[in-house]
Amino acid sequence: MSTEAAHDRPNGLDVLRQEREKKLALMQEHGIQPFRSMADSPVPLREAHAWLLREEEQHILEHRKKEDEHSQDTEVLTVAGRVMQLRDQGKSCFIHLEDFSDRLQVWFRKDILGEEPFEIVKLLDLGDIIAVTGTVMRTRRGEPTLLAAELHPLVKSLLPLPEKYHGLQDREMRYRKRYLDLVSDPESRHLFVLRSRIVRAVRTLLDERKFFEMETPVLQAIPGGGEAKPFTTHWNALHQDVYLRIATELHLKRLLVGGFERVYEIGRVFRNEGLSTRHNPEFTTLEVYQAYASFTDMMQLCEDIIVAAAHAAWPLSSQSYWVPEEVREAIQSCTDVARTLVTMTHQQHGYPRDTLRAIATLTSSLVSDLEHVRTTVGRHVEQHGHHPVVALDRALRNARRHASLLHHATESLFEWAVLNRLQSIDIPEEDAAPGVLPVAPREIAVEAAAILDVLEEMESDAEQDPLMRLATADGPPINLHPPFRRASMADLIQEATGINALAEWGQLERHVRALGGTPEPGAEQGELFFQLYEEHVEPNIIDPTFVTHYPTVVSPLALRCMDDDRFTERFELVVNGRELANAFTELNDPRDQRERFNEQMRRRERGNEEAHRIDEDFLEALEIGMPPAGGMGMGIDRLIMLLTESPAIRDVLLFPMMRQSPGDHAATAEE
RNA sequence: GCCCCUAUAGCUCAUCGGUAGAGCAGCUGACUUUUAAUCAGUUGAGGCAGGUUCGAUUCCUGCUGGGGGCACCA
């Protein structure tokens, strides 16, 4: 992979790689064999945290008095993960281990681990993947920590990770080397969890409604179903050019002919076009077809899909605000109690003052954590211009940590009370904060545990109403609460411009000009009508709106309205000025379809490469007879952009299409 | 396809045309409860090709990659 020049004069990266290879060799001299399989499955780090809490609860509830008894039966756990931070202190070393579920501190001590294994610790680098066996405990500062008894390096990372605090900032690198982005940025990882959940939610909803998921060919002899230039490839065995599909439409409709009444496909389609924040040459579409249904049925389905997807992505936020009221109240009362207790200890002897102090500070930290989490969304977007998952992650991690420490401290207080045979601590009335009654240490402990439980359950994505999304960093909020607005294009034009286009049909060119537009020469009335919509209505639509009744001239695949053949039974769902879905009552008249194909052919002959080609087989299918049907297409990537507040399609694609970089050329040339 | 912005060390950022600085990571040393650990020392760099200039990372041109906007679309 390295170029010749790099061998002559090693660059900084080569030096770093060599350094790590040296350590790898040293490890192997100690009998370590990295890059091997692992004998037992490790415990996920999140479970290690939970295990510690359960263990502590047990400890306190059983009123254990002998400390040594506690340490004897502490269970030994094996965890595994990537080394993300390293704090070496000579004869002791702290690291942070991260797996998909969580992050856990691990403490290596020379006296516990032993001389030789501790030398292995010294050979660890950021990015290494290791397994550690030990017992879970808490450090003096209260951080849950695995005290290591054994270390098993699993993988030696030979290249440095991006900077530990700022992460990978270079957008190009984030797209090209997504694995680095994912390793170093929990936000990025999280976004693709959301993507997965959203797609799953769409499938689940359609499955529940008895739609069959179908897989139609990607390689096609005649790419059809949309207006786009296809990618061309070659089938060697048959000496025949084939194309990558540009839509799934025509094959799904063949299935309607074949007797399937409800089908859908979530599939990758390919269009030989440029790149932009909204376009990637390959992208994912949902296409749904339902026999004996019309575009109004599709409207309802479309709305249901979006709402279901939003809820699936942000599952815990059905309440308008993510911190449950009772948690806030519990924290408030804990704060009051703790403050009172602290003032009391100034006057009275015998109270565990440090514990009380800790409770007081921790509760107030927790309150501010939660405030922080609440305001984080707006502030983060404002400052960084992108969605706030990572900031939330951090804020929430702090909140969890403080709640965990609070839990710890309140249990110490409870333990102290048990030892001193105190059911409750009496508070002189003059010291009590308003509304504070005699304190039962047990109750504080239980409350703290409850707070922690709730926080533990919470995902960082639960910060807000799932149906309120932000358009852009400084843009308006988008309200996805159903029902979505439904309005005909004519009404929307009248609303925006005051023009009654239906009544003034024939004078639209004048109106287009009057409003600053430039009509295409020879444009039909329907096209002028559509131009008014595109220029004066669509960009201003923020909240989801079903725009219905498109002019026939711009809707070659849709059925005409029965009562007015200038318009079709079609809608597009527009959100934030962009088209998110497109649906109509499908054209099923083979004669009409043939005529429209012929028109497309004439356009091709005039040089429009994107015009449809005639698909004789599809026409034959229609001649067999396709039931009346509603059909809808939806851009899945755009749906995900909307729900995750991502400004660019590349942010929601794991591996967006990138131009070959010069480095890639060199690598290819060597092969 | 057009317009604007951008490229400095493995990563994140500095540097009125005059010897290229820092933090993290790395390396050497100290440190057995650290939290972006700390302390002392230390290695390492201006995308490529031209031009202007006594002198260019800095100014200009071209190329290449990237970002943003327009156009096209989903």
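See the structure shown above.
On a predicted model such as this, the values are computed, not experimentally measured, just so you know.

(A) Here's a closer look at unusual backbone geometry. Here Pro 482 and Pro 483 are connected by a cis peptide whose omega angle stands at 0°. Tracing the backbone shows Pro 483 in the loop between strand 13 (477-479) and strand 14 (485-488). Even without being glycine, His 549 reaches a positive phi, approximately 60°. Note on placement: His 549 falls in the loop between strand 15 (545-548) and strand 16 (570-575). Phi is positive for Glu 645, close to 60°, though the residue is something other than glycine. Here Glu 645 lies in the loop between helix 21 (636-644) and helix 22 (649-652).

(B) Focus on helix 9 (residues 186-208). For helix 9, spanning 23 residues, the distance from its first C-alpha to its last is 32 Å, which sits close to the expected 33 Å at 1.5 Å a residue. Just downstream of helix 9, Lys 210 is the residue with a positive phi angle, here 70°.

(C) Representation of the pairing of strand 2 (residues 92-98) within the structure. Counting buried positions along strand 2 yields seven of seven residues, so the element is predominantly enclosed. Going residue by residue along strand 2, you find Ser 92, Phe 94, His 96 and Glu 98 tucked away on one face and Cys 93, Ile 95 and Leu 97 tucked away on the opposite face as well. In this sheet, strand 2 lies alongside strand 1 (residues 76-88) in antiparallel orientation, the contact comprising six bridges. What sits directly across from Val 83, in strand 2, is Leu 97.

(D) Just the protein's contact with RNA strand B, in detail. Of all residues adjacent to RNA strand B, which total 54 residues, the nearest are Gln 85, Lys 164, His 279, Arg 650 and Arg 659. A share of 56% of the atoms of RNA strand B within 4 Å of the protein falls on sugar and phosphate groups. Arg 109 has a polar side-chain atom sitting 3.1 Å from a base oxygen of RNA strand B. Listing elements by their share of the surface near RNA strand B, those giving two or more residues are helix 2 (12-29), strand 1, strand 2, strand 3 (103-109) and helix 7 (171-176). Residue composition of the surface near RNA strand B, grouped by class: 14 nonpolar, 16 polar and 24 charged.

Calculation criteria
Residues numbered from 1 in each chain as written. Chains lettered and ligands numbered in written order. Predicted model: local features only at pLDDT ≥ 70, side-chain atom pairs only at ≥ 80, totals over all residues. Heavy atoms only, no water. Helix = DSSP H or I, 4+ residues; strand = E, 2+ residues; numbered from the N terminus. Expected span 1.5 Å × (residues − 1). Buried < 20%, exposed > 50% of the residue type's maximum accessible area, 1.4 Å probe, protein only. Pairing = 2+ DSSP bridges. Near = heavy atom within 4 Å. Polar contact = N/O pair within 3.5 Å; in protein donor to acceptor, adjacent residues only side chain to side chain. Nonpolar A, V, L, I, M, F, W, Y, C, P; charged D, E, K, R; others polar.

All we've got here are geometric facts, nothing functional implied.
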